[in-house]
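Remarks on the overall topology
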Amino acid sequence: MPNQPADDRYQDILARIAARRPFGSPRPQKKPARPHDQALNLLNAFDTWSDLVLREYKRILCHGPKTMRGAAWSGVVIWYHNKGYHGYQQLRILGLWTHHAGDDIVLSVGIRVLPYRAPVFDPGAFRHNITDGFQLYYEDMGQPPGECDQLLFQAIFTVRERLKLREKLQEIADQWRRQQERG
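The paragraphs below set out a description of the structure included in this document. (Residues numbered from 1 in each chain as written. Predicted model: local features only at pLDDT ≥ 70, side-chain atom pairs only at ≥ 80, totals over all residues. Heavy atoms only, no water.)

1. Focus: the packing of helix α3 (residues 45-53) against helix α6 (residues 162-182)
Two quantities define a packed helix pair, namely the angle between the axes and the distance from one axis to the other. The condition that has to hold: Here an angle of 0 to 180 degrees is reported between the N-to-C directions of two axes, which are lines fitted to C-alpha atoms, with helices fitted over the stretch in contact. A run of H or I in DSSP becomes a helix once it reaches four residues, and a run of E becomes a strand once it reaches two; helices and strands are each numbered from the N terminus. Angle categories are assigned with fixed cut-offs, so that under 35 degrees is roughly parallel, over 145 is roughly antiparallel, 65 to 115 is roughly perpendicular, and the rest are oblique. By the definition used in this description, the sense in which the near helix is turned from the far one sets the handedness, with an anticlockwise turn below a right angle giving left-handed and a clockwise turn giving right-handed. Between two residues, a contact is recorded if the distance between any of their heavy atoms is within 4.5 Å.
Between α3 and α6, whose axes approach to 10 Å, the crossing angle comes to 15°. Considered as vectors, α3 and α6 are oriented roughly parallel to each other. In this structure, the crossing between α3 and α6 has a hand that is right-handed. In this structure, α3 contributes A45, T48, W49 and L52 to the contact, and α6 contributes L169, Q170, A173, W176 and R177.

2. A look at helix α2 (residues 35-42)
Worth spelling out the cut-off: Residue exposure (1.4 Å probe, protein chains only): buried if accessible area is under 20% of the type maximum, exposed if over 50%, otherwise partly exposed. Along the arc lie the directions from the helix axis toward the C-beta atoms.
Taken as a whole, α2 has its buried residues at H36, D37, A39 and L40. Buried residues in α2, looked at end-on, bunch into an arc of 160°, giving them a common side. Here the buried face of α2 lies against α3, β1 (60-69), β2 (73-82), β3 (90-101), β4 (104-115) and β5 (150-157). Trailing α2 by a residue or two, N44 shows a phi angle of about 60°, which is positive.

3. Brief notes about the pairing of β3
Cut-off, in case you're wondering: Any two strands with at least two DSSP bridges between them are considered paired.
For β2 and β3, the ladder comprises 8 bridges, and the chain directions are antiparallel. The partner of W73 across the bridge, within β3, is H99. Across 12 bridges, the pairing between β3 and β4 is antiparallel. Residue pairing across strands places I93 opposite R112, the latter belonging to β4. In this structure, the hairpin formed by β3 and β4 is closed by a connection of 2 residues, where G102 is found at a positive phi of approximately 70°.

4. Brief notes about the nonpolar core
Put simply, the test is: Only buried Ala, Val, Leu, Ile, Met, Phe, Trp, Tyr and Cys residues count toward a nonpolar core, and they belong to the same one when joined by side-chain atoms within 4.5 Å.
In terms of nonpolar packing, the biggest core is built from 27 residues, with W49, L52, I78, L94, L96 and W176 touching the most fellow members. At the level of elements, α2, α3, β1, β2, β3, β4, β5 and α6 are the ones that each hand at least two residues to this core. At 5 residues, α6 tops the list of elements feeding residues into this core. In this view, W176 contacts L52, Y57, I60, C62, I78, Y80, L94 and I111; residues no more than four positions away in its chain are not counted. M68, V77, L114 and Y137 belong to the second-largest nonpolar core, a separate cluster that totals 17 residues.

Structure representation (structure tokens):
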């Protein structure tokens, strides 16, 4: 009887092999993406923002990008804060969000400013955790800009105009990068 667990494991492995799809067969269909996510993909938003994060800046530390989702919106954001011990006190989010306005999908590019909300500040933990996300310290879900936030660009998304919108998004990213490099 000491071989019984090994036999069970062998049978389990054989069952898993038998349950796999045959080689060369089509993959199972994925659930179609939401229109918000499709618009972000067509605009190449994630790659545009990721180029910004890979650079070194004089005064800020930049993190991300990350895809954020809500019930009626989707977005790609990067977040940054000033360098130095007290730089954590204010975080800025640069993002591109898609959301509905009636039957249209609206693109909004903006900057949101978030105050630090955690009860205490531990520099080591902050430095480690801020690279993965900002929700823990700033109690925000990355939603689209509101009235108090800085709106850089807003337009209705159409597939026909996506290349022009891509160019505009790249323009905004380049302008933001130049501004940060100047300090």
